[in-house]
Amino acid sequence: MTTDEHLETVEDEDDYDPFQALDQAFGAGTVRDPYPKMGELRRKSPVYKGSIWAEFGMAPQEAGLLGDAPIYSALSYDAVTQVLRSGSSFSSSAYANTIGIVMGHSILEMDEPEHNTYRALIEQTFNKREMERWEADIITPTVNSFIDRFVDRGKADLVHEFTFPFPVHVITGMLGLPKEDLPKFHRWTVELINIPGDPARGMRASQKLHDYLVVVIDQRRKEPREDLISLLAHAELDGTRLNDEEICAFLRLLLPAGAETTYRSSGNLLCGLLTNPDQLNAVRDDRSLLPQAIEEALRWEPPLLSIMRSATEDTVVDGVPVPKGASIMVSVAAANHDESRWDDPETFNIFRKRFPHIVFGFGAHVCLGQHLARMETSIALNTLFDRCPNLRLDPEADEPQITGMIFRSPAKLPVLFG
Ligand code: HEM
């Protein structure tokens, strides 16, 4: 069956808006500033006994998916790094009962030594040659194609017209998926990650994405092209190869990882700069400041606030006893605002004394796409500054707000330029 024939069998979607549903379920528009409360909890204890999401009225179903295990939230920088560093005491298999239900058995939920085998195999496909090809053939043309659509207008909403669409087009190009199918698999991807908000729809989207991807994987096994799916289909390390289910699980992780996070982090960076025009001007006039602006925005407003682990033994985290079997919400957002590490952590300041943040995780599972995410953001901002001079917030529009509790980003960024 070809991809087109397969797609004909996929039922038409109803008028449900998965993007709005995800935003609602994940606290967009309702959770405005979680940092004062997080700070209050962290000052009482570096590890909070309870779910940090529940503190903001979020995702009761997710808690249900974790069964009866007691939930703890690691909030201090030291607690978060301790949990992520120690793969033997803190297992990633916690994901098997949550997002793993819809993604499948991906590297995200594997522990060592299985994780290392598959991560090393997959990492081969994210090599320097591919990164350079993605930069020249995919990222730069994609970024320019979206700016082309508004550059003559002198105004734009940078979220709807730029930061939202460009990363999903980049990942589509990297995977070699047909552009005309993008609306379908983008929708399934978003429905899939909204498993806390709508588990039944998430399961259906997972199956649809699976059925769609196995056809493409089969085609690329027979006729390889210059794309990531072909590389994954033919990758081999020490005699290990990826079967269809393993590639499918990885792709169901990669699509949201590539699309959702970079869209939100580039919106957060633009929001930080546009609401601080002195810093915006400094970066625009001296592009060597862009890398530190990117890192400060990631620290200040992480796009993804927490990750999961479960305790494999009784242990003590930053002085707090945590029992075997506990689920741990590892709050990279709270850790990035730890005042014992950063002065005035709530302020966006690209000139602050820099210490490494922890937004891409730490240890064996540290984000596989972190260099790609930085590259995409850097190309996006540089191209925007070059092509849209005198970029500024539209004074007629409302001040932009970053909101959300699981993901965070602004809903709109209305700007003028020229
Ligand atoms: C600003 C953007 C991004 C942020 C904040 C981010 C954050 C993270 C974090 C915190 C983890 C660790 C998860 C854990 O330990 O449980 C992770 C893992 C991962 N990320 Fe990213 N990510 C970003 C962009 C990307 C991109 C662009 C890709 C690929 C296209 C990607 C692919 C992955 C993959 C495959 C993993 C799993 C690694 C493993 O389990 O070994 N990420 N990411």
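Residues numbered from 1 in each chain as written. Predicted model: local features only at pLDDT ≥ 70, side-chain atom pairs only at ≥ 80, totals over all residues. Heavy atoms only, no water.

*Asks:* Can you lay out the packing of helix H14 (residues 244-274) against helix H18 (residues 370-387) for me, pointing to particular residues and giving the numbers?
*Replies:* Packing of H14 against H18 brings their axes to within 10 Å, and their N-to-C directions diverge by 45°. Here H14 is positioned oblique relative to H18, judged by the angle of their axes. For the pair H14 and H18, the crossing hand works out as right-handed. From H14, Thr-262, Ser-265, Ser-266, Leu-269, Leu-270 and Leu-273 reach across to H18, where they touch Ala-373, Glu-376, Thr-377, Leu-381, Leu-384 and Phe-385. Residue composition of the contact of H14 with H18, grouped by class: 7 nonpolar, 4 polar and 1 charged. (Axes fitted to C-alpha atoms, helices over the stretch in contact; angles between N-to-C directions. Helix = DSSP H or I, 4+ residues; strand = E, 2+ residues; numbered from the N terminus. Parallel < 35°, antiparallel > 145°, perpendicular 65-115°, else oblique. Left-handed = near helix turned anticlockwise from the far one by under 90°. Contact = heavy atoms within 4.5 Å. Nonpolar A, V, L, I, M, F, W, Y, C, P; charged D, E, K, R; others polar.)

*Asks:* Before we move on, could you go through the coordination of the iron atom of the ligand and cite the residues and values that matter?
*Replies:* Tetrahedral coordination by four donors places them ideally at 109.5 degrees to one another around the metal; octahedral coordination by six donors ideally gives 90 or 180 degrees. With respect to protein ligation, the iron atom of the ligand binds only Cys-367 (SG), at 2.3 Å. Topologically, Cys-367 is positioned in the loop between helix H17 (332-335) and H18. (Donors = N, O, S within 2.8 Å, 3.2 Å for Na, K, Ca; no water.)

*Asks:* Break down a negative patch on the surface for me, with residues and values.
*Replies:* Where like charges cluster on the molecular surface, the negative patch consists of Asp-33, Asp-343, Asp-344 and Glu-346. Assignment of secondary structure puts Asp-344 in the loop between H17 and H18. Residue class for Asp-344 comes out exposed when judged on its relative accessible area of 51%. (Patch = residues over 30% accessible without salt bridge, like charges linked within 9 Å, V, L, I, M, F, W, Y side chains within 5 Å. Areas by Shrake-Rupley, 256 points an atom, 1.4 Å probe, with all protein chains shown as cover. Salt bridge = Lys/Arg side-chain N within 4 Å of Asp/Glu carboxyl O. Lys, Arg positive; Asp, Glu negative; His and termini not counted. Charge placed at Lys NZ, Arg CZ, Asp CG, Glu CD. Buried < 20%, exposed > 50% of the residue type's maximum accessible area, 1.4 Å probe, protein only.)

*Asks:* Provide a residue-level description of the nonpolar core, including the pertinent values.
*Replies:* Ranked by size, the top nonpolar core spans 134 residues in total, and within it Leu-158, Phe-162 and Leu-391 carry the most contacts. Once residues within four sequence positions are removed from consideration, Phe-162 is found in contact with Val-143, Phe-146, Ile-147, Phe-150, Asp-157, Pro-167, Ala-380 and Leu-384. (Core = buried A, V, L, I, M, F, W, Y, C linked by side-chain atoms within 4.5 Å.)

*Asks:* How would you summarise the sheet that holds strand S4 (residues 155-157) if you had to cite specific residues and measurements?
*Replies:* The sheet built from 3 strands is open, its strands ordered S4-S14-S11 with antiparallel pairing. Strand pairing shows two members of the sheet lacking a second neighbour, S4 and strand S11 (392-393), which therefore form its edges. Judged from the 2 bridges that link them, S11 and strand S14 (residues 414-416) form a sheet pairing that is antiparallel. Its bridge partner being in S14, Arg-392 is matched across the sheet by Leu-416. (Pairing = 2+ DSSP bridges.)

*Asks:* Account for the pattern of salt bridges, with residues named and values stated.
*Replies:* Overall, the coordinates contain 24 salt bridges when judged by the stated rule. Of the charged contacts in the structure, one is a salt bridge between Glu-130 and Arg-129, with a shortest N-O distance of 2.8 Å. The exposed category is assigned to Arg-129, whose relative accessible area is 53%. Between Lys-222 and Asp-218 there is a salt bridge, and its shortest N-O distance comes to 2.8 Å. Of this pair, Lys-222 and Asp-218 are both found in helix H12 (residues 199-222), 4 residues apart, which corresponds to roughly one turn of the helix. With a relative accessible area of 33%, Asp-218 lands in the partly exposed category.

Any functional reading would require information beyond the geometric quantities listed.
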